[in-house]
Amino acid sequence: MSDLRALTDRAAIRDVLADYCRALDRMDLAALAALFTRDCEVAFGPDPRLTARGRDDLERSMARMWRWRRTAHHLGQVRIWFDGPDHARAESYVLAWHETSDGRPAVLHGVYRDRLRRTDEGWRLSHRAMEMNAAEGAFHVPIPPVERALPPKGWCAPEGLDG
Amino acid sequence: MSDLRALTDRAAIRDVLADYCRALDRMDLAALAALFTRDCEVAFGPDPRLTARGRDDLERSMARMWRWRRTAHHLGQVRIWFDGPDHARAESYVLAWHETSDGRPAVLHGVYRDRLRRTDEGWRLSHRAMEMNAAEGAFHVPIPPVERALPPKGWCAPEGLDG
Amino acid sequence: MSDLRALTDRAAIRDVLADYCRALDRMDLAALAALFTRDCEVAFGPDPRLTARGRDDLERSMARMWRWRRTAHHLGQVRIWFDGPDHARAESYVLAWHETSDGRPAVLHGVYRDRLRRTDEGWRLSHRAMEMNAAEGAFHVPIPPVERALPPKGWCAPEGLDG
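Because the structure is predicted, anything quoted here is derived from the model rather than measured.

Calculation criteria
Residues numbered from 1 in each chain as written. Chains lettered and ligands numbered in written order. Predicted model: local features only at pLDDT ≥ 70, side-chain atom pairs only at ≥ 80, totals over all residues. Heavy atoms only, no water. Least-squares fit on C-alpha atoms with pLDDT ≥ 70 in both. Contact = heavy atoms within 4.5 Å. Core = buried A, V, L, I, M, F, W, Y, C linked by side-chain atoms within 4.5 Å. Buried < 20%, exposed > 50% of the residue type's maximum accessible area, 1.4 Å probe, protein only. Helix = DSSP H or I, 4+ residues; strand = E, 2+ residues; numbered from the N terminus. Buried area = accessible area lost by both parts, 1.4 Å probe. Salt bridge = Lys/Arg side-chain N within 4 Å of Asp/Glu carboxyl O. 1 Å grid on protein atoms, 1.4 Å probe; cavity = no way out; pocket = protein on both sides within 12 Å on 5 of 7 lines; lining within 4 Å. Points joined across faces, edges and corners; volume = space filled by probe spheres on them. Nonpolar A, V, L, I, M, F, W, Y, C, P; charged D, E, K, R; others polar. Polar contact = N/O pair within 3.5 Å; in protein donor to acceptor, adjacent residues only side chain to side chain. Pairing = 2+ DSSP bridges. Phe/Tyr/Trp six-rings, centres within 6.5 Å; stacked < 30°, edge-to-face > 60°. Lys NZ or Arg CZ within 6 Å of the ring centre and 35° of its normal. Axes fitted to C-alpha atoms, helices over the stretch in contact; angles between N-to-C directions.

Visitor: I tried to follow the relation of the copies chain B and chain C on my own but got confused; where do I start?
Guide: The relation between the two copies of this chain is a rotation about an axis and a shift parallel to it. Mapping chain B onto chain C calls for a rotation angle of 120 degrees and an axial translation of 0.0 Å; the resulting RMSD is 0.0 Å. Taken together, the rotation and translation relating the two chain copies correspond to the operation of a three-fold axis. Proximity to the rotation axis, assessed at the C-alpha, singles out G76 of chain B in chain B; its C-alpha lies 3.2 Å from the axis. Counting the interface residues of chain B, we find that no more than 11% of their copies in chain C are interface residues as well, pointing to two distinct contact surfaces.

Below is the structure:
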């Protein structure tokens, strides 16, 4: 793939990731589902209520987000790797801020792990999974954790650094 | 517009958006105002204290940000659309963290909605408006909300998902 | 430098910045250290426990991050400037969320200030320093503040804006 083609594709893929968050925070679920391939597989975690297959199923499933009064999905860094000219993988950080129906914040520090495919409609998400670095407040959705290495035997915390 | 030109312009526009946040968090208001066109129109909301016309007026108006003890404006995803070779629209997520003079956090989960123009000085902001997905803590500035669709009739929240 | 070369290099540098956060949140410290030049100099602040020279020293030093139960390093806007074809400076916003061992959030609103060099392994960080716009909760690491201008004499806060 030429450098220019790769850069253009990366920009197009980032746009898809951004449009997902935009549609989600507006609860425009038809626009959200249209960012996925027709045969998409989505699993934010193993719980069946967090999985969907195909656009219609995804649109129905994401209706669960109405249980939040408001949301704000801030994307951070995005990493993209190409597998041939028409397939890509992406990993993107998200700070997903939600508010419960009674006004409490529920924050997910997560990572989207995606596969994308070039289609006649442009780049589309064919697989989306999620992992989380952490959660805060009223966020208790069972999303699998990012794997974090344990300290070596005998490691001791430095003293006074946070004093 | 060629692909390469579009990519270079997108990068230049992103730099303008980043420089705005940098200048704001440093309260370098002359540098901030210089990122706008001379005839710029800025309206963070309908309140007259949130609007400005032209660089001098903007610089004066943004002095209100000194009421915060400290700020941190984190940009998230940025979407850019071109209207011809010298005009663009941009939409960018911002997590705007502020601290009140007595030490309380005040957080805005917002979206900048911009128009930009290519000038002799480079890309400059000609219009800036703002909407917000949500606010937290001591943030009470009257910024218009992002439009969020309501659930369809008869929608019920899934049970136990957040248990 | 050609426009295409600059864009490709910017993308490669952004990838290095993203990989740093990924490795840090996973505590894959060997992968983290490999993103730096062999003669790197890192100083998150003047405290000797926040400084390191060379990859091995950096890997040892960053083991301090195990004192946090979990972390999430969200990158925001990134600015990159080139100093010739093989050297660059970068400034990137980071919302660094940490959790203490007893479950309290500790948040840093920071800025990485980096120098990078093109090497046989690709772009690598040769210098990393840090400044902070603000900190929240249990975060008390002595990181130098971003310089923020003071209000002009006689400046008065607008009334009622946050009412």
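From this point on, the discussion continues.
Visitor: Is there a simple way to explain the nonpolar core in this structure?
Guide: The tendency in soluble globular proteins is for nonpolar side chains to be buried side by side. Residues and elements named next belong to chain C. Counting 47 residues, the largest nonpolar core has Y20, L32, F36, F44, M62 and F139 as the members making the most contacts within it. Mapped onto this core, the elements with two or more residues apiece are α1 (3-26), α2 (29-33), β1 (36-43), α3 (55-62), β3 (70-82), β4 (87-99), β5 (105-119) and β6 (122-137). No other element matches α1, which puts seven residues into this core. Among all residues touching F36, those that are not within four sequence positions of it are Y20, V42, R55, L58, R124, L125 and R128.

Visitor: How do you make sense of the interface of chain B and chain A when you look at a structure like this?
Guide: Facing the 36 residues of chain B at the interface are 35 residues of chain A. The contact between chain B and chain A buries some 3,000 Å² in all, and 54% of this surface belongs to carbon and sulfur atoms. Ranking the residues of chain B by area buried against chain A places R148, L161 and D162 of chain B at the top, with a combined share of 24%. Run the count over chain B and chain A and you get five salt bridges. The partner of R26 of chain A in a salt bridge is E131 of chain B, with the nearest N and O atoms 3.7 Å apart. Going through the elements one at a time, α1 (3-26), β3 (70-82), β4 (87-99), β5 (105-119) and β6 (122-137) of chain B are the ones with two or more residues in the side of chain B that touches chain A.

Visitor: Would you explain the relation of the copies chain B and chain A in this entry?
Guide: In the superposition of chain B on chain A (RMSD 0.0 Å, axial shift 0.0 Å), the rotation amounts to 120 degrees. Residue by residue, only 11% of the interface of chain B is reproduced at the interface of chain A, so the copies engage with different surfaces.

Visitor: I would appreciate a short explanation of empty space enclosed by the protein in the present structure.
Guide: Where empty space is left can be seen by rolling a probe of water-molecule size over the atoms. Going through the model one piece at a time under the given rule, you end up with eleven cavities of 30 Å³ or more. Approximately 710 Å³ is the volume found for the largest cavity. In this structure, the largest cavity is lined by 32 residues; those nearest its centre are R14 of chain A, A11 and R14 of chain B together with A11 and R14 of chain C. Within the residue set of the lining of the largest cavity, elements represented by two or more residues are α1 (3-26) and β3 (70-82) of chain A, α1 and β3 of chain B together with α1 and β3 of chain C. Considered class by class, the residues forming the lining of the largest cavity number 17 nonpolar, six polar and nine charged.

Visitor: Any chance you could explain the interface of chain B and chain C here in plain terms?
Guide: Quoted interface sizes are often the accessible area lost when the parts come together. On the chain C side, the residues contacting the 35 residues of chain B number 35 residues. Counting each side, the surface lost to burial between chain B and chain C is near 3,100 Å², with a carbon and sulfur contribution of 54%. Contact with chain C buries area across many residues of chain B, yet R26, W66 and H74 of chain B alone supply 22% of it, more than any other trio. Between the two partners, chain B and chain C, sit five salt bridges. Salt-bridge contacts for R22 of chain B lead to E91 of chain C; the nearest nitrogen and oxygen are separated by 2.7 Å. Viewed at the interface, chain C and chain B are joined by 18 residue pairs in polar contact (both at pLDDT 80 or more). Those elements that provide at least two residues to the side of chain B that touches chain C are α1, β3 and β4 of chain B. The element that contributes the greatest number of residues to the side of chain B that touches chain C is α1 of chain B, accounting for twelve residues. When grouped by side-chain class, the residues that make up the side of chain B that touches chain C number 18 nonpolar, five polar and twelve charged.

Visitor: Explanation requested: the pairing of strand β1 (residues 36-43) of chain B in the structure shown.
Guide: Along any regular strand the residues' side chains alternate between the sheet's two faces. Residue and element names in this part refer to chain B. In terms of strand pairing, β1 meets β6 through four bridges, oriented parallel. Paired with E41 across the strands is H127, a residue of β6. In this structure, β1 lies alongside strand β2 (residues 51-53), joined through three bridges in antiparallel fashion. Opposite A43, over in β2, you have T51 as the bridge partner.

Visitor: Where do I start with the packing of aromatic side chains in this structure?
Guide: Two aromatic rings, taken as a pair, are described by how far apart their centres are and by the angle between their planes. Within the structure shown, the criterion is met by 15 aromatic pairs over all chains. With centroids separated by 6.3 Å and ring planes inclined at 65 degrees, the aromatic side chains of W66 of chain B and W155 of chain C adopt a geometry described as edge-to-face. Remark: W155 of chain C occurs in the segment after β6 and W66 of chain B occurs in the loop between α3 (55-62) and β3; the pair is interchain, linking two chains. W66 of chain B sits in the buried class, given a relative accessible area of 13%. Between W68 of chain B and F139 of chain B, the aromatic rings sit 6.1 Å apart at their centres with planes inclined by 10 degrees, giving stacked as the arrangement. One end of the pair, W68 of chain B, is in the loop between α3 and β3; the other, F139 of chain B, is in the segment after β6, with 71 residues separating them in the sequence. W68 of chain B sits in the buried class, given a relative accessible area of 2%. A residue is classified by how much of its surface remains accessible, and F139 of chain B, at 8% relative accessible area, is buried. Ring pairing ties together the aromatic residues Y20, F36 and Y112 of chain A, which thus form one cluster. Across the ring face of Y20 of chain B, the terminal group of R128 of chain B is positioned such that the distance to the ring centre comes to 4.3 Å.

Visitor: Looking at this structure, how should I read the sheet that holds β2 of chain B?
Guide: The strands making up a sheet associate through hydrogen bonds between their backbones, and the pairing can be parallel or antiparallel. Pairing is mixed in the open sheet, where six strands are placed in the order β2-β1-β6-β5-β4-β3 (chain B). The two strands at the open ends of the sheet, each matched to only one other strand, are β2 and β3 of chain B. Geometrically, the sheet is characterised by an average inter-axis angle of 20 degrees between neighbouring strands, direction not taken into account. α1 of chain A rests against β3, β4, β5 and β6 of chain B of the sheet, and its axis sits at about 110 degrees to β3 of chain B. Across the sheet, α1 of chain B touches β1, β3, β4, β5 and β6 of chain B, and the angle it forms with β3 of chain B is around 160 degrees.

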